[in-house]
Structure formats: structure tokens, C-alpha cells
Amino acid sequence: MTEQPGTRVPTGSEADGTDEVADLFRALGRQIKVARERAGLSQKELGDRIGYGEETVSSVERARRTPQPELLVAVDRMLDCGGLLASAAEDVERAKTRRRVRHPEWFRDYARLETDAVELRYFANQAVPGLFQTPEYARAVFASRQPLFDEETIEQRVAARMARQDLMTRWPPPTVSAIIQEGILRQPFGGPDVQRGQLEHLLRAGRLRHVEIQVMPTASEDHAGMGGPFTLLTPKGKPQVAYLEVQHFSRLITDSEEVRILAAKHGSIRGQALTPRESLCLIEKMLGDV
């Protein structure tokens with residue numbers, strides 16, 4: 001069993017990463033935007049033509065998501081960029097490797113496994129899972145941490161979290177399911193605009209073929225998840241593991257019996273939650289109340 005029994009959160013000076021990576025992604029995002037606007041296309045129209053969602057195009061243009069090599073090649077061909085974007089594919093691959101180390105040290109073992117995951121299962125009763133967070137929500141999460149992070153550390157953590165979300169758009173994608181406590185979604189964390197954006201993002205994610213989002217209703221009389229949040233992760237070709245994180249402590253669990261117990265608990269929680277269809281309907285209703 002691998003365990004980090006008392007890991008503290010590093011300060012900004014301990015967080016690895018380079019500004020050059022962010023600069024590269026910003027430059028590529030601007031080039032894509034210029035080429036798209038020159039062609040007279042909206043973000044949705046470009047996304048439809050190259051097989052990506054409007055949100056992905058928007059996030060890449062704003063440097064909030066890594067511009068995947070496949071997307072660069074597709075845009076280059078569609079907008080007749082003469083190889084300018086496609087030639088940056090190798091630079092992006094190197095940058096992705098460098099950006100991965102921006103995670104705090106205590107999180108890196110899990111982050112490495114996550115990049116090769118074929119299945120991810122979440123139970124969340126404190127915050128929306130990181131893979132589903134908008135940049136604004138993630139920024140509010142890190143800004144609220146105690147002891148306080150400096151602004152540079154907050155932006156590094158937000159960028160690293162957004163970079164992790166690249167696995168949601170790769171092919172083939174992992175199977176992802178998340179059970180989220182209703183109270184999390186109703187809390188106006190970061191303000192109404194942040195809450196609204198987060199709910200809209202969850203709706204889009206929940207409609208993806210490889211994603212299932214379920215809400216654990218506050219009114220439920222049965223709840224097998226009172227012990228707190230956890231994640232189940234299955235790396236490609238390896239046994240399932242579990243990950244726990246609370247306050248400033250984290251734990252990566254590889255012991256098969258402990259993982260089995262958490263997997264059984266996740267199954268019980270899943271059965272007690274609303275169905276994916278019911279959950280999306282509830283989120284839509286929440287949007288109307290924000």
C-alpha cells in the first residue's frame with residue numbers, strides 16, 4: 001500500500017512549472033483565433049467541422065486547455081494555415097510533459113496514474129471533482145484555501161487542473177462517472193456567475209457518451225457516503241486504485257481489499273443517487289434558480 005499520511009500543501013516556491021509552457025499555449029490559441037476569424041467562422045462552426053465541441057475550441061483559444069496535436073493538425077488543414085499550427089505538435093507534446101510536473105509533489109503519484117486511466121469514478125461531497133471544474137470554479141477553490149495561496153500559486157494550480165482535463169477529450173476517452181452531493185451544486189461558491197457557469201459545464205459534460213453524472217439528493221434518507229469523498233481509478237493494464245484527500249492530507253490506496261471496500265461503497269452510493277437522466281434534469285432546474 002502506498003500512503004502519504006501527513007503531507008502538507010507546498011508553497012508557491014515549491015510548485016514546479018514554467019511560464020514558457022503557458023506562453024506557448026497562449027500563442028497557439030491566438031493563432032487559432034486569428035485563423036478562425038479570418039475564415040469567418042464562429043467557435044461552434046469550427047468545432048463542428050473538425051469534430052470538437054465549441055467549449056473545447058473556446059478553451060484552447062483562451063489557453064485554458066492544452067491544444068492537443070490532433071486539434072492543431074485538424075485546424076491547420078481546415079483553415080489552410082500552411083503547416084504553421086501542425087508544426088507545433090511536437091512542441092506541445094514536450095510542453096505537456098513539462099506541465100505535468102506543476103502538480104504539487106503530494107499529488108503527482110495520482111496524477112501520473114490518471115493520465116493512463118481507462119476508468120474514473122468519483123464520489124464528491126465537498127466540491128465538484130477537479131476534472132469537471134471550470135477555470136473560474138477552480139480559481140475560487142484555490143483562492144479559498146487556508147493557509148492562503150499567493151496569486152502565482154493559485155494560477156499555477158488552476159492551469160495544472162485545466163491541463164488534467166485534456167484526458168476527457170483524448171481518444172479513446174476514459175469512462176468517467178461522478179456522484180455529486182446536491183448541496184455542492186446549490187452552494188453559490190465563487191458567486192452566482194461562477195455557480196451558473198459550473199452548472200452549465202456539468203450539463204455539457206453529462207451529455208458526453210463516456211460520462212455519467214449523478215446527483216445524490218439532499219432529501220435521500222439513505223446515504224452510504226457519509227465517510228467522505230473518494231476516487232476510484234483504473235490505469236490501463238493495472239489494478240484499480242483509490243485516492244482520498246481531506247484537508248492537507250492525501251492517500252493513494254493500492255491494497256486490493258481496501259480498494260474493494262471502497263468500490264462496493266461506491267456501488268451503494270450510486271444506487272442511492274438519482275439516475276443520470278434525473279440528475280441532468282435537476283441540474284437544469286437549478287440553473288433556472290440561479
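Model, not experiment: these values are computed from the prediction.

S.K.: Where do I start with the packing of helix α2 (residues 43-50) against helix α4 (residues 69-78) in this structure?
M.R.: Each packed pair of helices is defined by two parameters, the angle between the axes and the distance between the axes. Running from amino to carboxyl end, α2 crosses α4 at an angle of 105 degrees, the nearest separation of the two axes being 10 Å. Taken together, α2 and α4 sit at an angle that is classed as roughly perpendicular. Residues L46, R49 and I50 of α2 form the contact with α4, whose participating residues are L71, A74, V75 and M78. For the contact of α2 with α4, the residue count by class is six nonpolar, no polar and one charged.

S.K.: Explanation requested: the sheet that holds strand β4 (residues 230-235) in the structure shown.
M.R.: Two strands in a sheet stick together by hydrogen bonds in their backbones, pointing the same way (parallel) or opposite ways (antiparallel). The strand order across the open sheet built from six strands is β3-β2-β1-β4-β5-β6, with neighbouring strands paired in mixed fashion. Two strands bound the open sheet, and with one partner strand each, they are β3 (211-216) and β6 (249-253). Shown here is a sheet whose adjacent strand axes are inclined to one another by a mean of 10 degrees, direction ignored. With six bridges connecting them, strand β2 (residues 175-181) and β3 associate as parallel partners. Bridge assignment links Q181 to a residue of β3, and that residue is M216.

S.K.: Looking at this model, I keep getting lost on the pattern of salt bridges. Mind explaining?
M.R.: Side chains that differ in sign of charge can pair as their charged atoms come close. Scanning the model with the defined rule gives 16 salt bridges in all. A salt bridge links R196 to D193, with the shortest nitrogen-to-oxygen separation between them at 3.0 Å. Remark: D193 and R196 occur in helix α10 (residues 192-206); sequence separation between them is three residues, near one turn of the helix. On the basis of relative accessible area, R196 is assigned to the partly exposed category, the value being 28%. Salt bridges sharing common partners tie together R36, E37 and E61.

S.K.: Explain the nonpolar core here, please?
M.R.: Side chains of a nonpolar character, in soluble globular proteins, are inclined to be buried together. Membership of the largest hydrophobic core comes to 37 residues, with the highest contact counts inside it found for L120, F132, L185 and I283. One finds V21, I32, I50 and C81 within the second-largest nonpolar core, a separate group that totals 21 residues.

S.K.: How should the layout of surface pockets be read in this particular structure?
M.R.: One water molecule sets the probe size; rolling that probe over the atoms shows where empty space is left. Put simply, the largest pocket is a space of about 990 Å³. Elements that contribute at least two residues to the lining of the largest pocket include exactly β1 (117-124), α7 (135-143), α8 (151-164), β4 and β5 (241-246). Broken down by class, the residue content of the lining of the largest pocket amounts to 21 nonpolar, 11 polar and five charged.

S.K.: So what exactly am I meant to see when it comes to the side chain of E114 here?
M.R.: With respect to the secondary-structure elements, E114 resides in helix α6 (residues 108-115). Residues within four places of E114 in sequence aside, it is in contact with L120, Y122, L131, R164, L167, R170 and L233.

S.K.: Would you take a moment to explain unusual backbone geometry for this structure?
M.R.: The phi torsion of most residues other than glycine is negative, and most of the peptide bonds are trans. The omega torsion of the bond from Q146 to P147 falls at -5 degrees, within 30 degrees of zero and hence cis. Residue position: P147 is located in the loop between α7 and α8. Even without being glycine, D80 reaches a positive phi, approximately 55 degrees. D80 sits in the exposed class, given a relative accessible area of 63%.

S.K.: When you look at α8 in this model, what are you seeing that I'm missing?
M.R.: The periodicity of an α-helix, 3.6 residues per turn, causes residues three or four places apart in sequence to face the same way. The terminal C-alpha atoms of α8, which comprises 14 residues, lie 20 Å apart, in line with the 20 Å expected from a rise of 1.5 Å per residue. Counted residue by residue, α8 has 11 buried out of 14 residues, so it is predominantly covered. Two or three places before E152, at the start of α8, stands the capping residue D150, its side-chain oxygen 3.2 Å from that residue's backbone nitrogen.

S.K.: Hey, could you run me through the pairing of β4 in this one?
M.R.: The side chains of a regular strand alternate between both faces of the sheet. Within β4, six of the six residues are buried, leaving the element largely enclosed by the surrounding structure. The sheet contact formed by β1 and β4 spans six bridges and is antiparallel. Looking at β4, one finds that Y122 is bridged to T231. With antiparallel pairing between neighbouring strands as the criterion, β4 and β5 make up a hairpin whose turn holds five residues, including G237 at a positive phi of roughly 75 degrees.

S.K.: Please explain the packing of α2 against helix α3 (residues 54-61) as it appears in this structure.
M.R.: For the pair α2 and α3, the least separation of the axes is 8 Å and the interaxial angle reads 115 degrees. When the axes of α2 and α3 are compared, the pair comes out roughly perpendicular. Note on packing geometry: the crossing formed by α2 with α3 is right-handed. Every residue of α3 that contacts α2 at Q43, K44, L46 and G47 is listed here: E54, V57, S58 and E61.

About the criteria used
Residues numbered from 1 in each chain as written. Predicted model: local features only at pLDDT ≥ 70, side-chain atom pairs only at ≥ 80, totals over all residues. Heavy atoms only, no water. Axes fitted to C-alpha atoms, helices over the stretch in contact; angles between N-to-C directions. Helix = DSSP H or I, 4+ residues; strand = E, 2+ residues; numbered from the N terminus. Parallel < 35°, antiparallel > 145°, perpendicular 65-115°, else oblique. Contact = heavy atoms within 4.5 Å. Nonpolar A, V, L, I, M, F, W, Y, C, P; charged D, E, K, R; others polar. Pairing = 2+ DSSP bridges. Salt bridge = Lys/Arg side-chain N within 4 Å of Asp/Glu carboxyl O. Buried < 20%, exposed > 50% of the residue type's maximum accessible area, 1.4 Å probe, protein only. Core = buried A, V, L, I, M, F, W, Y, C linked by side-chain atoms within 4.5 Å. 1 Å grid on protein atoms, 1.4 Å probe; cavity = no way out; pocket = protein on both sides within 12 Å on 5 of 7 lines; lining within 4 Å. Points joined across faces, edges and corners; volume = space filled by probe spheres on them. Expected span 1.5 Å × (residues − 1). Polar contact = N/O pair within 3.5 Å; in protein donor to acceptor, adjacent residues only side chain to side chain. Left-handed = near helix turned anticlockwise from the far one by under 90°.

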